[in-house]
Protein chains: 2
Amino acid sequence: MKLADLPTPSLVLDRAALAANCAAMAARAAKLGVRLRPHMKTAKSAEAAKIATAGQFGGITVSTLAEAEYFASHGFRDITYAVGIVPGKLDEIARLQRDGVAMTLVTDNVAAVEAAARRAGELGTEFALLVEIETGGGRAGVLPESPELLEIARRIAQAKGLTLAGVLTHAGHSYKCKGEAEIAAVAEQERAGVVRAAERLHAAGLPCPVVSVGATPTAMFARSLAGVTEMRPGVYTLMDLYQMALGVCRREDIAVSVLATVIGHNPRTGRILVDAGALALSQDRGAAGLMEHVGFGWVLGEKGERLDGLYVAETNQEHGMIAAPTGAPPFDRLPVGARVRILPNHACMMAAPYSIYNVVERGDDIVDVWDKASGW
Amino acid sequence: MKLADLPTPSLVLDRAALAANCAAMAARAAKLGVRLRPHMKTAKSAEAAKIATAGQFGGITVSTLAEAEYFASHGFRDITYAVGIVPGKLDEIARLQRDGVAMTLVTDNVAAVEAAARRAGELGTEFALLVEIETGGGRAGVLPESPELLEIARRIAQAKGLTLAGVLTHAGHSYKCKGEAEIAAVAEQERAGVVRAAERLHAAGLPCPVVSVGATPTAMFARSLAGVTEMRPGVYTLMDLYQMALGVCRREDIAVSVLATVIGHNPRTGRILVDAGALALSQDRGAAGLMEHVGFGWVLGEKGERLDGLYVAETNQEHGMIAAPTGAPPFDRLPVGARVRILPNHACMMAAPYSIYNVVERGDDIVDVWDKASGW
């Protein structure tokens, strides 16, 4: 089976690129002296997770209960669910734990801690909780120097049925940086903030076995992770144009693409139409702040060669409109029925809706088909 | 079972609103004297399609082969696949036809016609083709006055194994209008263009049984559809904030929402965090050009009441950040664990990734669960 035999749109994963990305991040973790707990919200695939955890301690990170269930059903036994826990999700967490999965949860508020303590008692189980720390990302978490940090940590430590697992942060603002030096500075802010939070717990006589950071740009450019115990990058597994624009990867490291078919030409607007649109490519434009002519993805030929700077300029639900950076695109080279591969602006968003990866290895032979999680 | 019992994020559909929207569009079609062939790319649900086609001739429109297969497996027997056909999809179309489904395809180029003629011969089947007409949308199609129109139509009409089914257009530019008068003008442009194309076919001695228009705004505000035989609106089934901003519906007509749980508060940024983010809500911002403070959706209470103008201002993959139009949002009214319902900026995009609808009827009792198509 070849790429040419696939229906379109289909999701294609280059296993060689994935493996190289995973090996590079494993080397980064070893060099920085931390454990690697890959965030599988990007690839959402057990086979990808096996490659990402090869030679590591085996823990992974997820962003939904559907991912937790999927990876648990594929044998993963150490899962951090890194989105703030709410009472309504505790029963499902307890069920996973009864099946032998060590779940670690995240919170930044006393209300969730109290609900978890109550439910642990009712269910006769225990929940392990990390306190989420804000280190500049501006999304969730308590500040390292805040009174809330100690208040939440003490409530966890004192509650029967709860275990204080440590502290966790995510430097989401590293995605807004320009270049290695800025990212390295954010990485140090991420490290220093979460380590400071850990120090305050220790100083208060509280346990803090886990000190967790996580974002691909900071994992790649951190100069030191002193005091940190684990990192949770995710998008490095697949990479994308956003990471390329940040300087984190090269184009050839991008392991995922959407195979699409040319469905028409519009000579009046200078667009080549394909059957991959807003749903098949996602509407993510994250990289647009860092580079021109990226749109909803770069366009490659079926063998992976870059085509004249072509990019998907616009999308409707199931229509993608390919443009050239200047002038008309090469209509003759991409006749109706031709296949293209579209590199993701943001891999996490592009890959999410698909139920399988069609796996290649630097070529156009389909060497495997991997299932994956999707939905909630 | 109540909404309060559902996991989050979950997709909620109000059957009463859907039924009212469908009845209103059926009345529009009757008044305009055209057949209604609802576009099921929005709801992607057989139960919704049954309501949308009740009292109609039974034909539907789809945007993917996965939708065609799904609706065929649920008994629909007259399906227009309204995205430009490519050679690689003909075998699947032929399979559906062997199963008794009357498929109608769309094209705007000779290459696809020739491929379809060849494949029809090889497979011993026939394909029915509509010629796509551009009437101002600027996406796909040939112009009504173009030589290509007659060239394509003639090749279809002359090819053994192909049937010229007529002409089809989509006034995508109606989404860029402001108010009823502008939309009515675009509707007339859509009507006049596609009817002119049909007239040219008739004048050339070619058949043109179907003259098809389709977009919810133009379907709602067209003053005449003289010469048109069918319309294919889709988003009217569910409605959304974009349609509301266009003046096409009221807030209470919006039939779909995402149920989400408050996972945290950020007093520093003035954000309430929920577990519905970029994947659960989509990243569509279509309505943002027409109204302020819409973001990725409006926030309602669990019973459907509007909450202080709250909206989802930002999203990450599984995090939504709710903001108030001015100042801090009401943290006390939405504690951690509270449920909210988020109305879609664009319903087609929000509903797409979910595998089921949790069906309510103006209340919070789950009265049914409907499967739906997703993916490709």
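Further up the page is the structure itself.
Undergrad: Looking at this structure, I do not really get the overall build of chain A. What am I missing?
TA: Secondary structure summary: chain A contains 11 helices and 17 strands in total. Computed over C-alpha atoms, the radius of gyration of chain A comes to 22 Å, within 12% of the 21 Å expected from 2.2 N^0.38 for 376 residues, which places it in the range of a compact globule. Here the C-alpha coordinates of chain A stretch approximately 70 × 40 × 35 Å along the principal axes. With 376 residues in all, chain A has 65% of them scored as buried. Partitioning the contacts of chain A with sequence separation of at least 6, the portion at a separation of at least 24 is 66%. The distance from the centre of the 38 positive side-chain charges to the centre of the 41 negative ones in chain A is 2 Å.

Undergrad: Got a minute to help me understand the packing of aromatic side chains in this structure?
TA: What describes a pair of aromatic rings is the distance from one ring centre to the other and the angle between the planes of the rings. All names here are of chain A. Under the defined criterion, the tally for this structure stands at eight aromatic pairs over all chains. Relative to Phe 71, the ring of Tyr 70 lies with its centre 4.9 Å away and its plane at 85 degrees, an arrangement referred to as edge-to-face. Phe 71 matches Tyr 70 in its accessibility class, with the two residues each being buried. The rings of Tyr 70, Phe 71 and Phe 76 are connected pair by pair, giving a single aromatic cluster. If you follow Arg 285 out to its NZ or CZ, it ends over the ring of Phe 296, 4.7 Å from the centre. If you follow Lys 372 out to its NZ or CZ, it ends over the ring of Tyr 357, 5.8 Å from the centre.

Undergrad: Mind showing me how you'd approach the interface of chain B and chain A here?
TA: Opposite the 51 residues of chain B that make contact, chain A presents 51 residues. Taking both sides of the interface into account, the surface hidden between chain B and chain A amounts to around 4000 Å²; carbon and sulfur atoms contribute 59%. Among the residues of chain B in contact with chain A, Arg 139, Gln 317 and Trp 376 of chain B are the three that bury the most area, contributing 21% of the side total. Inspection of the region where chain B meets chain A yields four salt bridges.

Undergrad: Before we go on, may I ask you to explain helix H2 (residues 46-53) of chain B in this structure?
TA: Because each turn of an α-helix spans 3.6 residues, side chains separated by three or four positions in sequence point in the same direction. Residue and element names in this part refer to chain B. Within H2, the full set of buried residues consists of Ala 46, Ala 48, Ala 49, Ala 52 and Thr 53. Relative to the axis of H2, the buried residues are bounded by an arc of 155 degrees and lie together on one face. Residues of H2 that are buried in the fold lie against helix H1 (15-32), strand S2 (35-36), strand S3 (60-62), helix H3 (65-73) and strand S17 (368-371). The distance from a side-chain oxygen at the start of H2 to the backbone nitrogen of Glu 47 is 3.3 Å, and the residue carrying that oxygen is Ser 45. Remark: Gly 55 follows H2 within two positions and exhibits a positive phi of approximately 80 degrees.

Undergrad: Looking at this structure, how should I read the relation of the copies chain B and chain A?
TA: What relates the pair of chain copies is a rotation about an axis plus a shift along that axis. With an RMSD of 0.0 Å, the fit of chain B onto chain A corresponds to turning through 180 degrees and sliding 0.0 Å along the axis. Within this description, the copies of the chain are treated as partners about a two-fold rotation axis. When the interface residues of chain B are mapped onto chain A, 100% of them again lie at the interface, so the same face is used by both copies.

Undergrad: Quick question: what am I supposed to make of the pairing of strand S12 (residues 298-301) of chain B here?
TA: Side-chain direction in a regular strand flips from residue to residue, so the side chains alternate between the two faces of the sheet. Residues Trp 298 and Leu 300 of chain B line one face of S12 of chain B and the alternating positions Val 299 and Gly 301 of chain B line the opposite face, and both faces are buried. Taking the residues that link successive antiparallel strands as the turn, the S12 of chain B-strand S13 (residues 306-315) of chain B hairpin has four residues, and the phi of Gly 304 of chain B there is positive, at about 95 degrees.

Undergrad: Would you mind showing me how to read the sheet that holds strand S4 (residues 78-81) of chain A here?
TA: Residue and element names in this part refer to chain A. If you trace the eight strands from one edge of the open sheet to the other, you get S2-S9-S8-S7-S6-S5-S4-S3, paired in parallel fashion. What marks the edges here is a single partner per strand, and that holds for strand S2 (35-36) and strand S3 (60-62). In this sheet, strand S9 (residues 230-231) lies alongside strand S8 (residues 210-213) in parallel orientation, the contact comprising two bridges. Bridge assignment links Ser 212 to a residue of S9, and that residue is Glu 230. Contacting strand S6 (127-133), strand S7 (162-169) and S8, helix H7 (residues 180-203) crosses the sheet at an angle of about 155 degrees to S7.

Undergrad: Would you mind going over the pairing of strand S8 (residues 210-213) of chain B with me for this structure?
TA: Residues and elements named next belong to chain B. Side chains of S8 alternate between two faces, with Val 210 and Ser 212 and Val 211 and Val 213 buried alike. Pairing of strand S7 (residues 162-169) with S8 involves three bridges; the strand directions are parallel. Note on S8: the bridge partner recorded for Leu 168 is Ser 212. With helix H7 (residues 180-203) bridging S7 and the parallel S8, this β-α-β connection has right-handed handedness.

About the thresholds
Residues numbered from 1 in each chain as written. Chains lettered and ligands numbered in written order. Predicted model: local features only at pLDDT ≥ 70, side-chain atom pairs only at ≥ 80, totals over all residues. Heavy atoms only, no water. Helix = DSSP H or I, 4+ residues; strand = E, 2+ residues; numbered from the N terminus. Rg over C-alpha atoms; globule rule 2.2 N^0.38 Å. Buried < 20%, exposed > 50% of the residue type's maximum accessible area, 1.4 Å probe, protein only. Contact = heavy atoms within 4.5 Å. Lys, Arg positive; Asp, Glu negative; His and termini not counted. Charge placed at Lys NZ, Arg CZ, Asp CG, Glu CD. Phe/Tyr/Trp six-rings, centres within 6.5 Å; stacked < 30°, edge-to-face > 60°. Lys NZ or Arg CZ within 6 Å of the ring centre and 35° of its normal. Buried area = accessible area lost by both parts, 1.4 Å probe. Salt bridge = Lys/Arg side-chain N within 4 Å of Asp/Glu carboxyl O. Arc of directions from axis to C-beta. Polar contact = N/O pair within 3.5 Å; in protein donor to acceptor, adjacent residues only side chain to side chain. Least-squares fit on C-alpha atoms with pLDDT ≥ 70 in both. Pairing = 2+ DSSP bridges. Axes fitted to C-alpha atoms, helices over the stretch in contact; angles between N-to-C directions. Right-handed = clockwise from strand over helix to strand, strands pointing away.

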